[in-house]
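Each chain, written out:
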Amino acid sequence: MFIGHFAPAFVAAAVSPRSPRLGTLFIAAQLVDWGFFALALIGVERLRVDPGASVMVPLDLYHMPYTHSLIGTGLWALACLLVVALAQRDVFAGVLAGLVVVSHWLLDWLVHVPDLTVDGDPPKLGLGLWNYPAIAMPLELLLVGAAFAFYVRRTRGPLGPPLVLLLTMLLLQAVNWFGPHPQEAGALLYLQALLAFAILTTIALWVGENRWFQKRGGLAFGEQ
């Protein structure tokens, strides 16, 4: 799961005029991966290249208790909730951002081979859809497509910026799926991942500054 993680960000950005901006929610959607690759850079969490790890992803994510355990993800979500709630002076906005952070673990649980945990210790969890590309790939595209359509329908503003974001997401996903696999784990791999997140977040910030919530009677919740 890569761009599929941003689907909850699109949805959360479009449910209420009190929602955080799209850029903030893009950070929330990949917050635990920002943390994982940053911690991997300093050796706190670890992965290794293993072509046999799964059909789609040749990475053995064998030590990530602080970011990809359910409890660890919950703590990242709580921190995000507090930061957004304080920054926007709105608990509802913070809760939305926190839920987007939690969605990361749930989506990973669908696709990861068993490498997720509840508290950092076994049992290892994951349904393993990475071993079934014919399911995992359409699922990711469906999630993103449906969430993007919801966001565009529920907001107003120029269509150009969202389309640039969507095309960039699809391009990076194509590289992720069909590009050469990494030969080894190391700083270059981790920095490439962080750069991809930064590119998408920067574009999402631009999109969020150019679109506004479209009120539609009583459809949205959390309105004042």
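Here goes a summary of the coordinates provided. (Residues numbered from 1 in each chain as written. Predicted model: local features only at pLDDT ≥ 70, side-chain atom pairs only at ≥ 80, totals over all residues. Heavy atoms only, no water.)

Overview of the nonpolar core
Put simply, the rule reads: Side-chain atoms within 4.5 Å link the members of a nonpolar core, which is a set of buried Ala, Val, Leu, Ile, Met, Phe, Trp, Tyr and Cys residues. Three exposure classes are used, based on accessible area relative to the maximum for each residue type with a 1.4 Å probe and protein chains only: buried under 20%, partly exposed in between, and exposed over 50%. Helix and strand definitions follow DSSP, with helices as H or I runs of at least four residues and strands as E runs of at least two, each counted in order from the N terminus.
In terms of nonpolar packing, the biggest core is built from 62 residues, with Phe6, Phe10, Leu22, Phe26, Leu47, Leu165 and Met169 touching the most fellow members. It is helix H8 (residues 187-208) that provides the largest number of residues to this core, a total of 10 residues.

Remarks on helix H5 (residues 91-111)
To be explicit about the condition: Under the convention used throughout, the expected extent of a helix is 1.5 Å for every residue step, that is, one less than its residue count. In protein, a polar contact means a hydrogen-donor-capable atom and an acceptor-capable atom, both N or O and within 3.5 Å, with residues adjacent in sequence counting only if both atoms are side-chain atoms; elsewhere, any N or O pair within 3.5 Å suffices.
For H5, built from 21 residues, the straight-helix expectation of 30 Å at 1.5 Å per residue is met to within 8% by its first-to-last C-alpha distance of 31 Å. Among the residues of H5, the N-terminal cap falls to aspartate 90, whose side-chain oxygen and the backbone nitrogen of phenylalanine 92 are separated by 2.9 Å.

Looking at a nonpolar patch on the surface
Spelled out, the test is: Residues enter patches when they are more than 30% accessible in relative terms and free of salt bridges; like-charged ones are connected within 9 Å and nonpolar ones (Val, Leu, Ile, Met, Phe, Trp, Tyr) within 5 Å. With residues, only the protein chains shown are counted as cover, and all accessible areas are computed by Shrake-Rupley using a 1.4 Å probe. We define a salt bridge as a contact between a side-chain nitrogen of Lys or Arg and a carboxyl oxygen of Asp or Glu at a distance within 4 Å.
Taken together, Leu70, Ile71, Leu75, Leu78, Leu82, Leu86 and Val118 make up a surface patch of nonpolar side chains, about 660 Å² in accessible area. In this fold, leucine 86 is placed in helix H4 (residues 70-88). The exposure class assigned to leucine 86 is exposed, which follows from its relative accessible area of 67%.

Some thoughts on the packing of helix H3 (residues 31-41) against H4
Here is the rule we go by: As a rule, the C-alpha atoms of each element are fitted with a line to give its axis, helices using only the stretch in contact, and angles between N-to-C directions run from 0 to 180 degrees. Between 65 and 115 degrees an angle is taken as roughly perpendicular, under 35 as roughly parallel, over 145 as roughly antiparallel, and anywhere else as oblique. Throughout, a crossing is termed right-handed when the near helix is turned clockwise from the far one, and left-handed when it is turned anticlockwise from it by less than a right angle. Note on contacts: a residue pair qualifies if any of its non-hydrogen atoms lie within 4.5 Å across the two residues.
With their axes 10 Å apart at the nearest point, H3 and H4 run at an angle of 115 degrees to one another. With respect to H4, the element H3 is oriented roughly perpendicular. In terms of crossing hand, the pair formed by H3 and H4 is right-handed. For the pair H3 and H4, the contacting residues are Leu31, Val32 and Gly35 in the first and Thr73, Trp76 and Cys80 in the second.

Concerning unusual backbone geometry
The peptide bond linking proline 122 to proline 123 adopts the cis configuration, its omega dihedral lying at 10 degrees. For proline 123, the location among the structural elements is in the loop between H5 and helix H6 (133-154). The phi angle at arginine 89 is positive, at roughly 55 degrees, despite the residue not being glycine. Mapping arginine 89 onto the fold places it in the loop between H4 and H5.

Things to note about the packing of helix H7 (residues 160-178) against H8
We apply this condition: Residues were grouped as follows: Ala, Val, Leu, Ile, Met, Phe, Trp, Tyr, Cys and Pro as nonpolar; Asp, Glu, Lys and Arg as charged; and all remaining residues, including Gly, as polar.
In the contact formed by H7 and H8, the axes pass within 9 Å of each other and the chain directions differ by 165 degrees. Relative to H8, the element H7 lies roughly antiparallel. The element H7 and its partner H8 pack so that their crossing is left-handed. In this structure, H7 uses Pro161, Pro162, Val164, Leu165, Thr168, Met169 and Leu172 to contact H8, whose residues at the interface are Ala196, Ile199, Leu200, Ile203, Ala204, Trp206 and Val207. Along the lines of polarity and charge, the residues of the contact of H7 with H8 split into 13 nonpolar, 1 polar and no charged.

Topic: the environment of valine 164
Summarising the element assignment, valine 164 is placed in helix H7. Overall, the relative accessible area of 35% leaves valine 164 in the partly exposed class. Spatially, the C-alpha atoms of valine 164 and phenylalanine 92 are 29 Å apart, while their sequence positions differ by 72 residues. Discounting residues that sit within four places of it in the chain, valine 164 has contacts with Ile203 and Trp206.

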